[in-house]
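Observations on chain architecture
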Amino acid sequence: MSRILKNIFFLWIFAGSLSAAAQTTTSSTYSQLGPGLLNRSLLPQSRAMGGISAGLRKPGAYNNVNLANPASYSAIQLTTFDAGISGEILDRSKGGVSEGDFTGSLSHLVFGIPVTKTSALSFGILPYSSLGYQTRVRGALDTSMVDHLYSGDGGLSKAYFGYGIQLGKHFSIGANASYIFGKLERSSSLEFVNDFSAFNTRQQSSSSIGGFNFDYGLQYTGNLSKNTRLVLGYAGTASSKLDLDESSVFTRYIKGAGGEEEVAADTAYQYSSATKTLKLPIMHTVGFTVEKVNKWLLGADLRLGQWDNYREGNENPGEIQNSYGISVGGQITPDINSVGSYLKVMDYRLGFAYDKTNMRINNTDIKQMAVTLGFGFPLQASPTRTTFYKINVAAELGQRGTESNNLVRERYINIHLGFTLNDQWFRRYKFD
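Before going into details, it helps to say that this report is about the structure given with it. One numbering rule holds for all chains: residues counted from 1, following each sequence as written. Thresholds applied to this predicted model are a pLDDT of at least 70 for local features of residues and 80 or more for the giving and counting of side-chain atom pairs; totals over whole chains, interfaces and linings are not thresholded and use all residues. Side-chain measures here rest on the full set of heavy atoms in the structure, leaving out hydrogens and waters.

Counting from the N terminus, the helices are the DSSP runs of H or I reaching at least four residues and the strands are the DSSP runs of E reaching at least two. Scanning the chain for helices and strands turns up 3 helices and 19 strands. Dimensions along the principal axes, computed over C-alpha positions, put the chain at roughly 80 × 45 × 40 Å. Buried residues in the chain amount to 48% of all 432 residues. By definition, residues are in contact when any of their heavy atoms lie within 4.5 Å. Taking the contacts inside the chain whose residues are at least 6 apart along the sequence as the reference set, 66% of them involve residues at least 24 apart. Note on exposure labels: buried denotes an accessible area under 20% of the residue type's maximum, exposed denotes more than 50%, and partly exposed covers the range between, all computed with a 1.4 Å probe on protein chains only.

Within 6.5 Å between ring centres, the rings of Phe, Tyr and Trp (the latter by its six-membered ring) count as paired, and their orientation is classed by plane angle as stacked under 30 degrees, edge-to-face over 60, tilted in between. Applying the stated criterion across every chain yields a total of 10 aromatic pairs. Judged by centre distance (5.8 Å) and plane angle (85°), the ring pair of Tyr348 and Phe375 falls under edge-to-face. Remark: Phe375 occurs in strand E17 (residues 364–379) and Tyr348 occurs in strand E16 (residues 347–361); sequence separation between them is 27 residues. Residue classification places Phe375 among the partly exposed positions, given a relative accessible area of 31%.

Bringing the environment of Thr143 into the picture now. Note that Thr143 resides in the loop between strand E4 (119–141) and strand E5 (144–167). With relative accessibility at 81%, the residue Thr143 sits in the exposed group. With 233 residues separating them in the primary sequence, Thr143 and Gly376 have C-alpha atoms 61 Å apart.

Take Gly174: it is sitting in strand E6 (residues 171–192). Residue Gly174 is classed as buried on the basis of its relative accessible area of 13%. Considered as a pair, Gly174 and Asp355 are 181 residues apart in the sequence and their alpha carbons are 26 Å apart. Those residues in contact with Gly174 that sit more than four places away from it in its chain are Pro70, Ala71, Tyr163, Gly164, Tyr216 and Gly217.

Take a look at the structure:
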């Protein structure tokens, strides 16, 4: 009975995540381009190490779902469940003026289930991109002062199913099939600042997006010594085409002296376009890890994104460009077998990440860098030693953009909290 209740509980969490995953998860000004600000497919234990993933298999004694490289699924030996939440504290500054925001949401819900001793499948849901911004630019129209207002809301989610298998003693391969879906809402308005009888104008556009995406991975594992191993990894994302349905509404409205907005006077224009294609780029990640089993791990990644192939219909936004990035990081567990000190059985993680993003605005590359750190807190196992729990916490302290060339500098603290469960499901017991 307890096993049935446990499965019902997880299904309830999964159903709830379908609506939660579509929440706005950022307030970054730089989310307004393309599909929004991209969310890498990483769990907190990987984010705390700078986001290394290509050569990551099983960091420590716990089974781990590394969906950024599906070849790693072949190392899953226990049924693994991982769910988490994240929050972002963001400070924007421009011209000596700054403001802050906080956003939070579900970050991931993933499962890993062993099929054989050398293969496993994984499935789950997590955000793919986030859209959430509000900007105001004051200017002049003839002799009148006007405000140009821009805002966006929404995001894309990614539901995936993958499989990984080990081939021989050293090689593993894997692949994910994902369905990316969601809605992006954008609005641009022109408002007269001092003329309260003038008609203001607004364009509201909505983009519904959906389609399949595929990624794949390869890992090579070799022993450097009896307890030290090297993992080389590659992960790639195929160029894919999603369906894009757009609609727009143009309205006119009046705002009173107190700033209150009256009911729209009329709808000047409304249209819905035929279904277009949104073409996602090819992505590559190569990396490695060196690990002393259950003691320490070090690794690094190099990422490349061919965003010059990105298309919205037949158009390539001029502010989208190729991207690249690097990550380095690691973790240490002082003494996994310690019984007298909890601090010795904890995981301590540290890393660094740098990216030249896919954005170029005002002839300036938008760059991003972050220092990362985190901890793994093991919890007491079940009395039968068949169920294991861990809480993983990660923090990213970073900066995106610059105040040069009339741009915005963003400093952020991202907090990620994940709960990992390892259990021996689907076993046939002689006694119940």
